[in-house]
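Examination of the molecular architecture
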Amino acid sequence: MLVNKRIGKVLQLIFVLVAIGSVYFIVESVRSNNDYTNLSVSQYRDYLKSHIDTNNDNGEGLNKEDRPVDEKLQKFYSSVFQNIIDHSPSGKCRRVYKDACKLTRDVGNRPDDYENWFKLSYDELINCLELDHGELENLSSSHASFIDQLNKLVLPRDSYKGNGIVMVGGGKFSLMAFLVIKTLRNLGTTLPVEVFIPPNDEGETEFCNKLLPKFNSKCVYISDILPQQMIEKFEFKGYQFKSIAIIASSFENLLLLDADNFPIKPLDDIFDAEPYRSTGLVMWPDFWRRTTQPLYYKIAGRTIDFKTRVRNSIDDLTPPHIYTKNLMNLKDVPFHDLLGTIPDVSTESGQLLINKSKHLATVLLALYYNVNGPTWYYPIFSQKAAGEGDKETFIAAANFYDLPFYQVKTNVGVDGYHLPNDKGYRGVAMLQHDFIQDYAKYMEANTKISQKYAKVGLNYDPEYTVENFYKEYFQDDEINNEVDIMFIHSNLPKFDPYNLWQDEDLIVDGQHIRSFTNLKRLKNYDIELENFKIFDDILCQENKKPLFKYLEDKMNTNDFRHMCQYIGRRLDFLNESHNAAIGKTDK
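What this report covers is the structure whose coordinates are included nearby. Source: prediction; values computed, not measured.

The residue Asn-556 is located in the loop between α19 (549-554) and α20 (557-581) in this model. On the basis of relative accessible area, Asn-556 is assigned to the partly exposed category, the value being 42%. Among the polar contacts made by the side chain of Asn-556, one reaches the main-chain amide nitrogen of Asn-558 at a distance of 3.0 Å.

Here you go:
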């Protein structure tokens, strides 16, 4: 009986606690649903959770007109975009370069480029893109007023949560995004995916409502986020939508992927790994050194320490005494080796890891740079360099706020094939490396370098080169373990079955050829074969309903039949050549 009484009292206590908790939850919910507080950017962290459901109970997506609208988040988006409208610089860059500008070609990071590094000094870089006093005042005042408004933005509670992958679709990019999603699922990644559809590409009914929900993926329509005034005022292009997708995604931690970028390693644990966990922002390198116009730092009100060198290109570990003859005279040193500048090398933005709690300020400023990119910031950041676009906007924004980030040190790789008749080499993909393995090498290099110079001292070493630094600590050899390829950024030709069929690309003298010729480097992942298997399955099997508006708009039934014949022939070739491609010989 005593036991029963005790149990009864315990149950009563539990009931009371549950009741109190329920009342608190209800009150807190009401309060959080109605309470808005003026927040500084640094305070946004406490207000980030989720507004877009990742899954739908019936396994199908909602039609655009049937989806509920989160009015609080729309109010936040409207505030963000209205501030951009109100505080964007007027006019556009003249894109006039001074005659004295020496940036006649991209400057790389290898020994054969060393003789061109003088072109990267302050005196040389500032002598390129012309910006007159009026333009500088226009840019500076607009930038300062936008930054000031960031502290006044209102963000509703519970806006972002969880981890996921974000891509921008629309047109052929919806088809390519599906290839990436299938690759993710086939190789073991289960993270949810959001595919953002630009305003001019809506109408992906089958793709969004029927196909994607089967793969824990969904469409998000950018027209639900962008105010109509914004759509009418600015002419957006694909890479600008990426920045919008980051801010509008439901995820707190996200991997932003180009729709032609294929992860070939499982990714479920990437948000728990270093250096992402401590920095909240990981980026990958491009081929070239940085050529940003030094006047950007004046525009942004950013102070540069012209008397302090902190790195030599990618090497920010070796003490500057070792590679600098005279630390009192840095006039000819590459400008972006100086304290306060954006570090080398330039960035390749086909993939980006970001935590919106730690980096909301980065996200918002990068959005500002991208909206005003084609008119102003893209040429300012890149100054004649290849691949002008959104690539430098994220690292510039993080650097402005002094927020932590890590950029992979391992050089970007290339795959491709030799053209017939000695016409040269055609690169078809950029190969980006595993950031976790790369960071492990970086930390090991840090330990070894600290120990080395603790013994030998900090005297200038004429034998030092960046190339030797890279070879010793990052290049694959018998000592250094190989860093895996994590992403295949398939630039050209795109995996677009329509254009491949129409252009007869990768067909020479009537015979199919392979474009990826180093599958060993890809752990024998046969990307061409796997993607054509997907084409055959989703486009060419009997009674298949058209799933992609891009192809429906371009083709009739007869065209589909001919394209599928091409897909079938190429699939046969890729199957037959697979063993040889991975170096497997028949016994």
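Turning our eyes to something else, we now look at the sheet that holds strand β5 (residues 261-263). In spatial order, the strands read β5-β13-β12-β11; together these four strands make up an open sheet with antiparallel pairing. Two strands close off the open sheet at either side, each with one partner strand: β5 and β11 (413-418). For this sheet the average axis-to-axis angle between neighbouring strands, irrespective of direction, equals 25 degrees. As judged from the six bridges shared by β11 and strand β12 (residues 425-433), these two strands associate in the antiparallel manner. Note that in β12 the partner of Val-414 across the bridge is Met-430.

Generally speaking, soluble globular proteins have nonpolar side chains that are buried together. Core analysis: the biggest nonpolar cluster contains 165 residues, and Tyr-296 and Ile-488 have the highest contact counts within it. With nine residues, the single largest contributor to this core is helix α12 (residues 360-371). Contact partners of Tyr-296, with chain neighbours within four places excluded, come to Ile-342, Tyr-369, Tyr-377, Ile-380, Phe-381, Ala-396 and Phe-400.

Next up on the list: a nonpolar patch on the surface. Taken together, the side chains of Phe-287, Val-414 and Tyr-425 define a hydrophobic patch exposed on the protein surface, amounting to about 250 Å² of accessible area. As for its position among the elements, Phe-287 is in the loop between β6 (281-285) and α10 (295-299). Of the residues examined, Phe-287 reaches a relative accessible area of 31% and is grouped as partly exposed.

Counted as a void, the largest pocket has a volume near 820 Å³. Put simply, the parts of the chain that give the lining of the largest pocket at least two residues each are α8 (238-248) and β9 (347-355).

Right, let's talk about the packing of helix α5 (residues 172-186) against helix α18 (residues 527-539) for a bit. One way to put it is that α5 packs onto α18 with a least axis distance of 10 Å and a crossing angle of 115 degrees. Taken together, the axes of α5 and α18 are roughly perpendicular relative to one another. Regarding α5 and α18, the two cross each other, and that crossing is right-handed. Residues Leu-175, Phe-178, Leu-179, Lys-182 and Thr-183 of α5 touch α18, and the partners they reach there are Asn-531, Ile-534, Phe-535 and Ile-538. Partitioning the contact of α5 with α18 into residue classes produces six nonpolar, two polar and one charged.

Ordered in space as β3-β2-β1-β4-β9-β6-β10, the seven strands form an open sheet in which the pairing is mixed. Single-partner strands in this sheet number two, and they are β3 (217-221) and β10 (406-407). Of the pairings in the sheet, the one linking β6 to β10 comprises two bridges and is parallel in character. For Met-283, the partnering residue across the bridge sits in β10 and is Gln-407.

Here Ser-250 shows up in the loop between α8 and β4 (253-257). Sequence-wise, Ser-250 and Gly-164 are 86 residues apart; in three dimensions their C-alpha atoms are separated by 8.5 Å.

About the criteria used
Residues numbered from 1 in each chain as written. Predicted model: local features only at pLDDT ≥ 70, side-chain atom pairs only at ≥ 80, totals over all residues. Heavy atoms only, no water. Helix = DSSP H or I, 4+ residues; strand = E, 2+ residues; numbered from the N terminus. Buried < 20%, exposed > 50% of the residue type's maximum accessible area, 1.4 Å probe, protein only. Polar contact = N/O pair within 3.5 Å; in protein donor to acceptor, adjacent residues only side chain to side chain. Pairing = 2+ DSSP bridges. Axes fitted to C-alpha atoms, helices over the stretch in contact; angles between N-to-C directions. Core = buried A, V, L, I, M, F, W, Y, C linked by side-chain atoms within 4.5 Å. Contact = heavy atoms within 4.5 Å. Patch = residues over 30% accessible without salt bridge, like charges linked within 9 Å, V, L, I, M, F, W, Y side chains within 5 Å. Areas by Shrake-Rupley, 256 points an atom, 1.4 Å probe, with all protein chains shown as cover. Salt bridge = Lys/Arg side-chain N within 4 Å of Asp/Glu carboxyl O. 1 Å grid on protein atoms, 1.4 Å probe; cavity = no way out; pocket = protein on both sides within 12 Å on 5 of 7 lines; lining within 4 Å. Points joined across faces, edges and corners; volume = space filled by probe spheres on them. Parallel < 35°, antiparallel > 145°, perpendicular 65-115°, else oblique. Left-handed = near helix turned anticlockwise from the far one by under 90°. Nonpolar A, V, L, I, M, F, W, Y, C, P; charged D, E, K, R; others polar.

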